[in-house]
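What follows is each chain in one-letter form.
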Amino acid sequence: YLPFCLGNALNEMGYTSYGYHDYIGDFYNRNITHANMGYNFKAADSGLNVKIDWPSSDLEMMEASVDDYINSSSPFHAYYMSVSGHANWGWGNAMSAKNREAAVAAYPNASQPVQGYIAANLELEYALTYLLEQLEAAGIADDTVICMTADHYPYALVTDEVDYYQELSGKQDSELDISRYKNTWLLWSG
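Residues numbered from 1 in each chain as written. Predicted model: local features only at pLDDT ≥ 70, side-chain atom pairs only at ≥ 80, totals over all residues. Heavy atoms only, no water.

Whether parallel or antiparallel, the strands of a sheet pair through hydrogen bonds between backbone atoms. Read from one edge to the other, the open sheet built from three strands follows the order E2-E1-E3, with strand pairing classed as parallel. Both edges of this open sheet fall to strand E2 (40-43) and strand E3 (76-81), since each of them pairs with a single strand only. Each neighbouring strand pair of the sheet contributes to a mean axis angle of 15 degrees, computed without reference to strand direction. The sheet contacts of helix H3 (residues 58-65) involve strand E1 (16-21) and E3, and relative to E3 the element is tilted by about 155 degrees. (Pairing = 2+ DSSP bridges. Helix = DSSP H or I, 4+ residues; strand = E, 2+ residues; numbered from the N terminus. Axes fitted to C-alpha atoms, helices over the stretch in contact; angles between N-to-C directions. Contact = heavy atoms within 4.5 Å.)

Before going further, it helps to spend a moment on the packing of H3 against helix H6 (residues 112-137). For the pair H3 and H6, the least separation of the axes is 7 Å and the interaxial angle reads 25 degrees. Taken together, the axis directions place H3 and H6 in an arrangement best described as roughly parallel. With respect to the hand of their crossing, H3 and H6 are arranged in right-handed fashion. When H3 is examined against H6, the residues Asp58, Leu59, Met62 and Glu63 are found in contact with a partner set consisting of Glu123, Leu124, Tyr126, Ala127, Tyr130 and Leu131. Grouping the constituent residues of the contact of H3 with H6 by class yields seven nonpolar, no polar and three charged. (Parallel < 35°, antiparallel > 145°, perpendicular 65-115°, else oblique. Left-handed = near helix turned anticlockwise from the far one by under 90°. Nonpolar A, V, L, I, M, F, W, Y, C, P; charged D, E, K, R; others polar.)

This next bit is on the packing of aromatic side chains. Within this structure, the stated rule accounts for 13 aromatic pairs. Pairing tyrosine 39 with tyrosine 79 gives two aromatic rings, centres 5.3 Å apart and planes at 35 degrees, and the pair type is tilted. Of this pair, tyrosine 39 sits in the loop between helix H2 (30-36) and E2 while tyrosine 79 sits in strand E3; the two residues are 40 residues apart in sequence, bridging distant segments of the chain. Exposure remark for tyrosine 39: the relative accessible area of 7% places this residue in the buried category. The partly exposed category is assigned to tyrosine 79, whose relative accessible area is 28%. Ring centres 4.6 Å apart and planes at 35 degrees place the aromatic pair tyrosine 69 and phenylalanine 76 in the tilted group. Residue tyrosine 69 is classed as buried on the basis of its relative accessible area, which comes to 2%. Within the aromatic cluster, the residues linked to one another by ring pairs are Tyr18, Tyr20, Tyr69, Phe76 and Tyr80. (Phe/Tyr/Trp six-rings, centres within 6.5 Å; stacked < 30°, edge-to-face > 60°. Buried < 20%, exposed > 50% of the residue type's maximum accessible area, 1.4 Å probe, protein only.)

Another aspect to go through is the pairing of E2. Where burial is concerned, the two faces of E2 differ: the one with Phe41 and Ala43 is buried and the one with Asn40 and Lys42 is not. Bridging between E1 and E2 involves four bridges; their strand directions are parallel. Each bridged residue has a counterpart across the sheet, and for tyrosine 18 the counterpart in E2 is asparagine 40. Handedness of the crossover joining E1 and E2 through H2 is recorded here as right-handed. (Right-handed = clockwise from strand over helix to strand, strands pointing away.)

Here the amide bond leading from tryptophan 54 into proline 55 is cis, since omega sits at -15 degrees, within 30 degrees of zero. Here proline 55 is to be found in the loop between E2 and H3. Omega for the peptide link from alanine 87 to asparagine 88 comes to 0 degrees, which places this bond in the cis form. Position of asparagine 88 among the secondary structure elements: in the loop between E3 and helix H4 (94-98). The backbone of tyrosine 28 sits at a positive phi, close to 60 degrees, despite the residue not being glycine. Position of tyrosine 28 among the secondary structure elements: in the loop between E1 and H2. The backbone of asparagine 29 shows a phi angle near 55 degrees, a positive value even though the residue is not glycine. As for its placement among the helices and strands, asparagine 29 is situated in the loop between E1 and H2. Given the relative accessible area of 42%, asparagine 29 is considered partly exposed.

Here it is, written out as structure tokens:
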């Protein structure tokens with residue numbers, strides 16, 4: 001039991017906390033850990049109606065889950081664990097392939113791994129766009145806060161031959177530089 005995790009803390013304040021993952025729920029025991037953090041948890045194989053692919057679609061996850069809470073009469077907290085931007089970013093990656101045309105058009109001179117990375121991560125962009133549209137339609141966007149962060153930089157862009165992360169970031173650093181391990185936290189409020 002983890003009383004100070006955000007789900008449990010907000011539940012104590014009258015919120016209902018939801019957790020979602022668009023991959024397998026018992027992978028890393030997420031079906032146990034997320035419940036312990038206070039979430040009503042759904043994953044692709046346990047209550048969330050999405051296709052299990054590698055990687056699965058964040059947009060499909062958002063579309064399959066928003067109705068759980070968007071019209072709730074009580075305050076809610078929704079936690080999403082994204083997977084659509086996951087490595088490896090060849091054109092065999094389901095999300096890279098799905099969004100290939102848009103990424104190549106936007107970055108025609110980028111290497112294939114960087115284009116694939118961008119293509120896969122466009123799926124999260126589409127998911128967040130959908131979420132904001134639904135919040136606006138429900139009239140609660142002005143009373144919503146969204147925060148987002150990643151758990152690591154895209155280290156799979158680093159190969160034995162080429163460090164494509166340098167191309168993506170525009171920095172001439174290496175995996176030995178601690179700056180590469182800094183992360184971005186995005187905070188949005190309507």
